[in-house]
Amino acid sequence: MSQKPKRINLALQGGGAHGAFTWGVLDRLLEDGRLAFDGLCGTSAGAMNAVVCAHGMQRGGRDGARAALEEFWRRVAAAGAVFSPVRGLPFDALFGGAWRAASHAAFDTLTRSFSPYQLNPLNFNPLRQVLEAVVDFDALKACDCVELFVCATNVRSGKPRIFRNREVSADAVLASACLPYLFQAVEIDGEAYWDGGYIGNPAIYPLIYETRTRDILVVHINPIAVKEVPRTAAEILDRVNEISFNSSLVREMRAIAFVQKLIDDGWIKDQHKSQLRKLRMHALSADEDLAHLGLDTKLDASWDNLVALRDKGRARADLWLAANHAAVGRSATVDLRAAYL
């Protein structure tokens, strides 16, 4: 008799086209079937993966989620073939992606000289059509198969805004993925929002406060550590981007580690222990797979690039399951101090 799936929360980072790596992770976890998702919290591309996955689960369970994710990323590739400012020529990989890097450099210069209010006054975003073609947002508001959390940054206050199941809309997802040098701020209920990665990439606290599951798996797509000190302008920009979009996660992990230590060392009085949950943290790292990829690849939505990233994610999830599935529900599999502090 098959065992009941273990319940786990997923925290999904954002990182442009590198979100296809997370697609691969989700695809493999769903295919494996030994884990059940209690909560999905995502930022930017992670929010898109979370929302599409929840929509698919609502419609058709695990298989529905896998199908919805593939349809979403296929539509992203189709839109990218028409609208993406960064792309490679045929056989560009043979030359180290030189044309893709050059087109990214030219586009970067343009966006540093002109704002999206000047370059895109009609505020066209092809991702809106992709999301609305794949996800029934009205139906998603009634989703009870998973707790959904989408993180965006309030432009005026600088604080995070978490959109939950009944609040999730195409606007909320686009707000979570709104890079301010590419798109105008997304207005929701009179407030302006930018990419959630600036304040929570991903946010962990909604999973702690609003789900019953103590196991949380963070799916990384922005490398925490690199082996070499960057030397070129492009390499320095890449590393600044990675550090910036990991900073909120590192701060939150520091806070979690602090509370865990207080519990472990007996500093919390017995009458208060029931109010604090001993979390079991897990992490699926993309450092080995993505650390060598430049910032330009995050804007490369070509199908070949997305499939290569998906396959890396599937392989990494397979390794993670083999090494860590037995610990889920029993113990943490990542040393927070060693990994993040």
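Look up: the structure comes first, before these words.
Here is a short report on the structure shown in this document. The structure presented is a predicted model; accordingly, all values stated were derived computationally and were not measured.

So, how was this worked out
Residues numbered from 1 in each chain as written. Predicted model: local features only at pLDDT ≥ 70, side-chain atom pairs only at ≥ 80, totals over all residues. Heavy atoms only, no water. Helix = DSSP H or I, 4+ residues; strand = E, 2+ residues; numbered from the N terminus. Buried < 20%, exposed > 50% of the residue type's maximum accessible area, 1.4 Å probe, protein only. Contact = heavy atoms within 4.5 Å. Arc of directions from axis to C-beta. Polar contact = N/O pair within 3.5 Å; in protein donor to acceptor, adjacent residues only side chain to side chain. Right-handed = clockwise from strand over helix to strand, strands pointing away. Pairing = 2+ DSSP bridges. Expected span 1.5 Å × (residues − 1). Phe/Tyr/Trp six-rings, centres within 6.5 Å; stacked < 30°, edge-to-face > 60°.

This part takes up unusual backbone geometry. Leaving glycine out, the prevailing phi sign among residues is negative, and the prevailing peptide bond configuration is trans. Look at the link from Asn 201 to Pro 202: it is a cis peptide, with omega at -10 degrees. Checked against the element boundaries, Pro 202 lands in the loop between strand 6 (191–195) and helix 8 (205–210). At Ser 44, a residue that is not glycine, the phi angle is positive and equals roughly 55 degrees. Along the chain, Ser 44 turns up in the loop between strand 2 (35–43) and helix 2 (45–83). Residue Asn 123 is not a glycine yet carries a positive backbone phi of 60 degrees. Asn 123 sits in the partly exposed class, given a relative accessible area of 33%.

Moving on, we come to the environment of Trp 194. When you line up the elements, Trp 194 lands in strand 6. What Trp 194 contacts, discounting residues up to four positions off in sequence, is Ala 152, Thr 153, Val 155, Ala 175, Cys 178, Pro 180 and Ala 185.

Those residues of helix 5 (residues 126–134) that sit buried are Pro 126, Val 130, Leu 131 and Val 134. Here the buried residues of helix 5 occupy an arc of 135 degrees about the axis, which is enough to place them on one side. On its buried face, helix 5 is in contact with helix 2, helix 6 (137–140) and helix 7 (170–176). N-capping of helix 5 is provided by Asn 125, with a side-chain oxygen placed 3.0 Å from the backbone N of Leu 127.

Let us look at the pairing of strand 1 (residues 6–12). Where burial is concerned, most of strand 1 is hidden: five out of the seven residues are buried. Once you follow strand 1 into helix 1 (residues 19–32) and on to strand 2, the crossover reads as right-handed. Looking at chain direction, strand 1 and strand 7 (residues 215–219) are connected through four bridges and run parallel. Within the sheet, the bridge partner assigned to Leu 10 lies in strand 7 and is Leu 217.

Turning our attention to helix 1. For helix 1, which comprises 14 residues, the first-to-last C-alpha distance of 20 Å matches the rise-based estimate of 20 Å (1.5 Å per residue) to within 8%. With twelve of 14 residues buried, helix 1 is to be regarded as a mostly interior element. Backbone geometry just after helix 1 places Gly 33 at a positive phi near 80 degrees.

To continue, consider the environment of Lys 141. With respect to the helices and strands, the residue Lys 141 is situated in the loop between helix 6 and strand 3 (147–154). Considering only alpha carbons, one finds Lys 141 and Ser 169, 28 residues apart in sequence, at a separation of 8.4 Å. The residues contacting Lys 141, other than those within four sequence positions of it, are Asn 165, Arg 166, Glu 167, Val 168 and Ser 169. Polar side-chain contacts of Lys 141 include one of 3.0 Å to the backbone oxygen of Val 168.

Attention now moves to the packing of aromatic side chains. Summed over the entire model, instances satisfying the criterion amount to six aromatic pairs. Ring geometry for Trp 23 and Trp 303: centres 6.0 Å apart, planes at 40 degrees, overall tilted. Placement of the pair is Trp 23 in helix 1 and Trp 303 in helix 12 (residues 303–324), with a sequence separation of 280 residues. Trp 303 sits in the partly exposed class, given a relative accessible area of 25%.

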